[in-house]
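# Structural overview for review
What follows is each chain in one-letter form.
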Amino acid sequence: MSTTRTTGTTGTTAHRQRFPASPSASLTERRKAETRMEIARAAATLFVRQGLKATRAEDIAAAAGIAPRTFYRYFASKEEAVAPLYAAGAECWTQAVRAAPAHLTVPEALRHAVEHTLAPGSGVSASTWEWARTLIRMAHTGPALRKVWAEVCQETEEQLARVLAGRRTGAEAPGGPRAGAVDGSDNDAGFGARAGAARGAGAVADAGSATAAEAEPVPVTPRLRFAAAVAGAAVRVAVESWAHTTAPHTGATGPAALALRNLETLTGFDWEEEPDTA
């Protein structure tokens, strides 16, 4: 049986729902997001244990305790099933940028986010980092999974651009619990799930203004999109570079150190919006 289904609505829906449901989402939407994450964890576990090629969508469905037809209601292919894990880990970082103290400049907020999500002591265990390494490496083993990773990275840049816009205008009030905090439990294949739990810290921080922010989206200018792409690449390349080594997640060659070093090279970059010369 084929492991990929290309019905138009399924793929489109899966694309729209990569990131976890927001705090303002309905109970049904939150339950769907939880189901997607359960499927993603099952897929990641099987991919790591028996390899991507040897794993069928039907195997993932069985491991998640659902019917194959239910699997295809959530994902268009077996590769796309791990998208929520990639997305939740990325959202953890972008929400940490959002939750950074309001008085911080953009580069300071970016460094603050790295220190609270990637640095040792941020609550992510060593075994979880090893799962992250494996999943990121896996993203470069074939075109289908590479496409999923690339799409998640692009969506993350768009989300970061909105976060930067919100910080500039004050439409999204930063604050609240430390965005990088997770429970510290040691659960294999839990990289995205536990990072996804952490994303709530930044989102809940401005729950009072969430409805207004959603009703009146902050404009994202081309300059902000460029800034988000630059910042996103600095962190993404750091994590990818670390994942393709055998280095521990701590120390000078860990993802946090590499990300901070990449951000440091951007000293002098004009993060502020260029004035309108029209």
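All values reported here derive from a predicted model rather than from experimental measurement.

Before going further, it helps to examine the overall build of the protein chain. Each helix and strand in the protein chain was counted, giving 12 helices and 0 strands. When its helices and strands are written in sequence order, the protein chain yields α-α-α-α-α-α-α-α-α-α-α-α. A buried classification covers 51% of the 278 residues belonging to the protein chain. The long-range share in the protein chain, meaning contacts at least 24 apart out of those at least 6 apart in sequence, stands at 76%. Counting only carbon and sulfur atoms, one obtains 55% of the accessible surface of the protein chain, whose full area is about 12900 Å².

Before going further, it helps to examine the pattern of salt bridges. Scanning the model with the defined rule gives 5 salt bridges in all. We note a salt bridge from Arg-41 to Glu-38, for which the minimum N-O separation is 1.8 Å. Placement of the pair is Arg-41 and Glu-38 together in helix 2 (residues 27–50), with a separation of 3 residues, close to one helical turn. For Arg-41, a relative accessible area of 17% translates into the label buried. Residues Glu-240 and Arg-236 are paired through a salt bridge, measuring 3.3 Å at the closest nitrogen-oxygen approach. With Glu-240 and Arg-236 both in helix 11 (residues 222–243), this residue pair falls 4 residues apart, about one helical turn. Among the residues examined, Glu-240 registers a relative accessible area of 12% and is labelled buried.

Mapped onto the secondary structure, Gly-170 falls in the loop between helix 8 (143–169) and helix 9 (191–205). Taking the C-alpha atoms as reference, Gly-170 lies 9.6 Å from Val-218; in sequence the two are 48 residues apart.

So, about the packing of aromatic side chains. Counted by the stated rule, this structure contains 6 aromatic pairs. Judged by centre distance (5.3 Å) and plane angle (90°), the ring pair of Phe-71 and Tyr-72 falls under edge-to-face. Pair check on accessibility: Phe-71 and Tyr-72 agree, each one buried. On the basis of an interplanar angle of 50° and a centroid distance of 5.7 Å, the ring pair of Phe-226 and Phe-269 is categorised as tilted. Taken together, the residues span a long stretch of sequence, with Phe-226 in helix 11 and Phe-269 in the segment after helix 12 (255–264) at a distance of 43 residues. Counting every residue linked through ring pairs, the aromatic cluster contains Phe-71, Tyr-72 and Phe-75.

Looking now at helix 7 (residues 126–138). For helix 7, with 13 residues, the first-to-last C-alpha span of 18 Å sits near the 18 Å given by 1.5 Å per residue. The set of residues buried in helix 7 consists of Thr-128, Trp-129, Trp-131, Ala-132, Arg-133, Leu-135, Ile-136 and Met-138.

Turning next to the nonpolar core. If you look at the biggest cluster of nonpolar residues, it comprises 70 residues, and the most contacted ones within it are Phe-71, Tyr-86 and Val-97. It is helix 11 that contributes the most residues to this core, 11 residues altogether. Beyond its immediate sequence surroundings of up to four residues, Tyr-86 is in contact with Leu-135, Ile-136, Ala-139, Leu-145, Val-148, Trp-149 and Val-152.

Tracing the backbone shows Glu-79 in the loop between helix 4 (68–74) and helix 5 (83–99). By relative accessible area, which is 11% here, Glu-79 ends up buried. For the pair formed by Glu-79 and Ala-43, sequence separation is 36 residues and the distance between their alpha carbons is 8.4 Å.

Once that is clear, we can look at the confidence of the model for the protein chain. In the predicted model, the protein chain carries a mean pLDDT of 78, and 72% of its residues have values of at least 70. Ranking the elements of the protein chain by mean pLDDT puts helix 9 last with 37 and helix 3 (residues 57–64) first with 97. Contacts for the low-pLDDT stretch residues 1–17, under 50 throughout, to residues beyond four places or in other chains number 29 contacts. A low-confidence stretch, residues 172–215 stays under pLDDT 50, and its non-local contacts, those more than four residues away or across chains, total 98 contacts.

Quick look at the packing of helix 5 against helix 6 (residues 106–117) now. It is at 8 Å that the axes of helix 5 and helix 6 come closest, and there the two elements cross at 130°. On the basis of their axis angle, the class for helix 5 and helix 6 is oblique. In the crossing of helix 5 with helix 6, the sense of the turn from one axis to the other is right-handed. Residues Cys-92, Trp-93, Ala-96 and Val-97 of helix 5 form the contact with helix 6, whose participating residues are Ala-109, Leu-110, His-112, Ala-113, Val-114 and Thr-117. Considering only residue class, the contact of helix 5 with helix 6 consists of 8 nonpolar, 2 polar and no charged.

Reading the values: rules and limits
- Residues numbered from 1 in each chain as written.
- Predicted model: local features only at pLDDT ≥ 70, side-chain atom pairs only at ≥ 80, totals over all residues.
- Heavy atoms only, no water.
- Helix = DSSP H or I, 4+ residues; strand = E, 2+ residues; numbered from the N terminus.
- Buried < 20%, exposed > 50% of the residue type's maximum accessible area, 1.4 Å probe, protein only.
- Contact = heavy atoms within 4.5 Å.
- Areas by Shrake-Rupley, 256 points an atom, 1.4 Å probe, with all protein chains shown as cover.
- Salt bridge = Lys/Arg side-chain N within 4 Å of Asp/Glu carboxyl O.
- Phe/Tyr/Trp six-rings, centres within 6.5 Å; stacked < 30°, edge-to-face > 60°.
- Expected span 1.5 Å × (residues − 1).
- Core = buried A, V, L, I, M, F, W, Y, C linked by side-chain atoms within 4.5 Å.
- pLDDT = per-residue confidence, 0-100.
- Axes fitted to C-alpha atoms, helices over the stretch in contact; angles between N-to-C directions.
- Parallel < 35°, antiparallel > 145°, perpendicular 65-115°, else oblique.
- Left-handed = near helix turned anticlockwise from the far one by under 90°.
- Nonpolar A, V, L, I, M, F, W, Y, C, P; charged D, E, K, R; others polar.

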